[in-house]
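# Per-entry structural report
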Amino acid sequence: MILSAPQIIQKKRDEIPLSAEEIRSFVMGSIKGDIPDYQTSAFLMATFFSGMSLDETTTLTKAMVESGERLDLSHIKGPKVDKHSTGGVGDKVSLIIAPLAAACGLKVPMMAGRGLGHTGGTIDKLESIPGYRALLEKEEFIRIVNDVGCAIISQSEKVAPADRKFYALRDVTATIECVPLITSSILSKKIAEGAEGLVMDIKVGSGAFMKRKTEAVTLAKTLRAVAKKAGFELRSTISNMDQPLGYAVGNALEVYECIEIMKGEDLNPYGLASLDLKELTIHLCAQMLEIGKVVKNVAEGRKLAIAKLKDGTTWKKFKELVAAQGGDITTLEEPWRYMKADRVIEIKAKKRGYVTEMHSESIGRLLTVLGGGRNKVGEQLDHSTGFFFHRKLGSMVKPEDTLVTIFANSKTDLAQVEEELRNCIKISTAKKTAPKLIVEANVK
Ligand code: URA
């Protein structure tokens, strides 16, 4: 007997494992509109609290794949490997890694997401480039991946529509930080997208959904077990998210930071080097190259990635990718000239000391106050707003040093933002060593 939606929710709430049929019928009912969003949200909350077994998670993933169409990428020549992050603050790696891996010889059919909770989304960042089209028909997506080597698109209505729906509801119902829901969300997209291999960047720390390493390891193992059942190779790195990655947080600003790196600039316009962003990108790219058998090992992959970042081919590929997806590449050459924020103000340090805390989740939430993140499904973003940090954890500061530049529009209460931002950044007299960027290079 198939249970009704309220009975399925109740069963999950009471921690009784769901059958494959119950999971499938709930997913299909939800995307067909037979199950209203309030019941889907209740199901997500019940799963958040009760969890799911590996079998339930695998069934949920498959049901989410089957909720839509699967792309056939057999017309794309070469190894097809993607990268995905569980989400962070200032995490802009995807913007560089797709053209970088393509410049190294991989095919990267990347289906990326929008902002989720306090974390930013690759698609929102790319849409700060005028004209950029994130929604492409399947044929165009395949043509661009073949011609350029990479394309970055958002999920169409047709691919894993159940994830589209659940993702949007989880974003606004406090049901994000949940291993089975994250696993099924990521893998349903990636299986439907047709990639042959996937490198996961699992974030851990104050700005991540996984606050502790043990949770990140559980997620890595669950992802790998479900991916194995689906027949593709998945590898996970755990990386630190106790501070924003790089210096920029905000859609357009993050694109600009990536452009500096792809152009081979050692320093950004504020005279700072985004070493963590560069290192993580190279590390993850090397993993992708090894999975795709472009190189024999990760050390060789690192060498190739470093060379392709330096010699200008990644920058050329990025411009080709943006042009192919309709973006105006004239704005990319001198991006800072196109900054449209109404107000740019600098927050100065009030005392001498070392930066010992940069509470990344709160920083991510403050971006929403500036209009750069969402509080409601489908909300329009102000891409020009954000923060440019001038210090990282462990940096020394003295009074009057600039800590952060805020890019805001005229509607924002800047006094409130400044006060909250100061609460996010702790300056202490005792030096604390900065956390290790790569917490676990390849989770076994
Ligand atoms: N990325 C996704 O695609 N889904 C999640 O749930 C979290 C990160």
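Going along each chain's sequence as written, the residues are numbered from 1 onward. Totals for whole chains, interfaces and linings use all residues, but because this is a predicted model, local features are given only for residues with pLDDT of at least 70 and pairs of side-chain atoms are given and counted only at 80 or more. With hydrogens and water set aside, each side-chain value is computed from the structure's full complement of heavy atoms.

### Notes on the site of the ligand
A molecule or strand has a residue near it when one of that residue's heavy atoms lies within 4 Å. Around the ligand lies a shell formed by His84, Ser85, Thr86, Leu116, Tyr167, Arg170, Ile182, Ser185, Ile186 and Lys189. Pairing of N or O atoms within 3.5 Å defines a polar contact, subject to two protein rules: one partner must be a possible hydrogen donor and the other a possible acceptor, and residues neighboring in sequence count only if both atoms are side-chain atoms. One nitrogen or oxygen atom from the side chain of histidine 84 is found 3.0 Å from an oxygen atom belonging to the ligand. Only protein atoms enter the calculation, which uses a 1 Å grid: trapped sets of points that fit a 1.4 Å probe without letting it out are cavities, open sets showing protein on both sides within 12 Å along at least five of seven lines are pockets, and any residue with an atom within 4 Å of a point is a lining residue. To be counted as sitting in a cavity or pocket, a molecule needs more than half of its atoms within 2 Å of that site's grid points. Of all the cavities here, the one that holds the ligand is the largest cavity. Secondary structure follows DSSP: runs of H or I at least 4 residues long count as helices, runs of E at least 2 residues long count as strands, and numbering of each begins at the N terminus. Elements represented by at least two residues in the shell around the ligand include exactly strand S1 (81-85), helix H8 (161-172) and helix H9 (179-193). Tallying contributions element by element places H9 first for the shell around the ligand, with four residues.

### Notes on the sheet that holds strand S12 (residues 425-428)
Backbone hydrogen bonds are what pair the strands of a sheet, in a parallel or an antiparallel way. Sheet architecture is open: three strands sit in the order S10-S8-S12, paired in antiparallel fashion. Unpaired on one side and paired on the other, strand S10 (396-397) and S12 mark the two borders of the sheet. Its contacts with the sheet put helix H17 (residues 414-424) on strand S8 (353-358) and S12, and the angle it makes with S12 is roughly 55°. Note: two strands are recorded as paired if DSSP finds a minimum of 2 bridges between them. In this description, contact between two residues means that some pair of their heavy atoms is separated by no more than 4.5 Å. Only the stretch in contact is used when fitting a helix axis, every axis being a line fitted to C-alpha atoms; angles between N-to-C directions are given from 0 to 180 degrees.

### Side note on empty space enclosed by the protein
Grid points are joined across faces, edges and corners, and a volume is the space filled by probe spheres set on the points. If you walk through the whole model with that rule in mind, you get three cavities of 30 Å³ or more. Taken as a whole, the largest cavity holds about 320 Å³ of empty space. Along the wall of the largest cavity there are 29 residues; nearest its centre are His84, Ser85, Thr86, Gly87 and Tyr167. Listing elements by their share of the lining of the largest cavity, those giving two or more residues are S1, helix H5 (93-103), strand S2 (108-112), helix H6 (122-126), H8 and H9. If one sorts the elements of the lining of the largest cavity by residue count, H9 sits on top with five residues. Residue classes in the lining of the largest cavity are distributed as nine nonpolar, 12 polar and eight charged. Here the second largest cavity defines a volume of roughly 120 Å³. Charged residues are taken to be Asp, Glu, Lys and Arg, nonpolar residues to be Ala, Val, Leu, Ile, Met, Phe, Trp, Tyr, Cys and Pro, and polar residues to be all remaining types, Gly included.

### Points about the side chain of aspartate 171
Along the chain, aspartate 171 turns up in helix H8. Here aspartate 171 sits buried without a salt bridge, and the closest side chain of opposite charge, arginine 374, lies 5.7 Å off (N-O distance). Looking at aspartate 171, its side chain comes within polar contact range of the main-chain nitrogen of glycine 117, at 2.4 Å. With residues near it in sequence (within four places) discarded, aspartate 171 still touches Gly115, Leu116, Gly117 and Ile176. For every residue, the accessible area obtained with a 1.4 Å probe (protein chains only) is divided by the maximum for its type, and the residue is called buried under 20%, exposed over 50%, and partly exposed between those limits. By the counting scheme adopted, Arg and Lys are positive, Glu and Asp are negative, and His together with the chain ends is not counted. Definition used for salt bridges: Asp or Glu carboxyl oxygen within 4 Å of a side-chain nitrogen of Lys or Arg.

### What to know about the packing of helix H2 (residues 20-32) against helix H4 (residues 54-66)
In the contact formed by H2 and H4, the axes pass within 9 Å of each other and the chain directions differ by 35°. When the axes of H2 and H4 are compared, the crossing they make is right-handed. Residues Ala20, Ile23, Arg24 and Val27 of H2 pack against Glu56, Thr59, Leu60, Ala63, Met64 and Glu66 of H4. Looking at the contact of H2 with H4 residue by residue, the class counts come to six nonpolar, one polar and three charged. Here a crossing is called left-handed whenever its near helix is offset anticlockwise from the far helix by less than a right angle, and right-handed whenever the offset is clockwise.

### Observations regarding the domain arrangement of the protein
Either an automatic procedure or a domain database provided the assignment from which the domain bounds are taken. As far as domains go, the protein holds domain 1 (5-51), domain 2 (81-335) and domain 3 (343-428). Measuring from the centre of the C-alpha atoms in domain 1 to the corresponding centre in domain 3 gives 39 Å.

### A closer look at the pattern of salt bridges
What the rule picks out here adds up to 39 salt bridges. With a shortest N-O distance of 2.9 Å, glutamate 22 and lysine 11 are connected by a salt bridge. Of this pair, glutamate 22 sits in helix H2 while lysine 11 sits in helix H1 (residues 5-13); the two residues are 11 residues apart in sequence, bridging distant segments of the chain. When sorted by exposure, glutamate 22 lands in the same class as lysine 11, which is buried.

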